[in-house]
Amino acid sequence: MPPMIVKNPRALKEWVGKEIGVTEWFRVSQERIEQFAEATEDRQWIHVDRTKASKESPYGATIAHGFLTLSMISHLLKELIQIQSGVRLAVNYGLNRVRFPSAVRADSRICARVALLTLKELSDSVEATYTVAVECEQSEKPGCVAEWIVRYYT
């Protein structure tokens, strides 16, 4: 899906309360999971030991860290929205209500379903709160749901 193009951050106001769209599928490889494990010092066997995970894990395979799945939201949103001008700097301002309803198995694909919950104009920026559901291929439940706050400094 080509990105939604808006002139500037304030033009997002017409999307408040609406779904913006769904991203393309993105593969979460075992290599990416292992790189994340190294970067975060979280080398729990459920993420990095394929043999043990295939035998002892309730998922029958290694799984992505919840925080890895969450961190992919930034990449996925960039694929969905392009702001043409008026943004000096975009900053991850924080998250609300983060949950991990299901595991993301290694080498599975995810996509993000994104809606704009609120848009607030501040003196030096526009603050957007997005609802994001990271859906997993072949899973009824999403791998992650969150409200993500982005500040677009103008």
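Keep in mind that this is a model prediction, so the values were computed, not measured.

Draft legend 1. Region of the structure containing unusual backbone geometry. Of note in the backbone geometry, E41 takes a positive phi value of approximately 60° without being a glycine. Within the element layout of this structure, E41 appears in the loop between α1 (30–40) and α2 (45–48). Not every positive phi belongs to a glycine, and D107 is a case in point at roughly 70°. By relative accessible area, D107 is classed as partly exposed at 34%.

Draft legend 2. Representation of the side chain of S108 within the structure. Examined against the element boundaries, S108 turns out to sit in strand β6 (residues 108–121). Take S108: its relative accessible area is 14%, and that puts it in the buried class.

Draft legend 3. The arrangement of the packing of aromatic side chains in detail. Within this structure, the stated rule accounts for one aromatic pair. When the ring of F67 is compared with that of F100, the centres are 6.3 Å apart and the planes differ by 75°; the resulting orientation is edge-to-face. One end of the pair, F67, is in helix α4 (residues 66–80); the other, F100, is in the loop between β5 (89–99) and β6, and 33 residues separate them in sequence. Over the ring of Y93 we find R151; its NZ or CZ atom is 3.7 Å from the centre of that ring.

Draft legend 4. Summary view of the state of the cysteines. Tallying each qualifying case throughout the model produces zero disulfides. Cysteine C144 shares no disulfide, and the gap to the nearest cysteine sulfur, in C136, comes to 9.3 Å. Looking at C144, the relative accessible area reads 0%, which means it is buried.

Draft legend 5. Up close: the packing of α1 against α4. Interaxial distance between α1 and α4 falls to 10 Å at its minimum, and their mutual angle equals 105°. The angle between α1 and α4 falls in the class roughly perpendicular. Across the interface between the two elements, R32, I33 and F36 of α1 pack against F67, L68, S71 and M72 of α4.

Draft legend 6. Representation of the environment of S29. Along the chain, S29 turns up in the loop between β3 (26–28) and α1. Between the C-alpha atom of S29 and that of R109, which follows or precedes it by 80 residues, the distance is 8.7 Å. Looking at S29, its side chain comes within polar contact range of the main-chain nitrogen of R32, at 3.0 Å.

Calculation criteria
Residues numbered from 1 in each chain as written. Predicted model: local features only at pLDDT ≥ 70, side-chain atom pairs only at ≥ 80, totals over all residues. Heavy atoms only, no water. Helix = DSSP H or I, 4+ residues; strand = E, 2+ residues; numbered from the N terminus. Buried < 20%, exposed > 50% of the residue type's maximum accessible area, 1.4 Å probe, protein only. Phe/Tyr/Trp six-rings, centres within 6.5 Å; stacked < 30°, edge-to-face > 60°. Lys NZ or Arg CZ within 6 Å of the ring centre and 35° of its normal. Disulfide = S-S within 2.5 Å. Axes fitted to C-alpha atoms, helices over the stretch in contact; angles between N-to-C directions. Parallel < 35°, antiparallel > 145°, perpendicular 65-115°, else oblique. Contact = heavy atoms within 4.5 Å. Polar contact = N/O pair within 3.5 Å; in protein donor to acceptor, adjacent residues only side chain to side chain.

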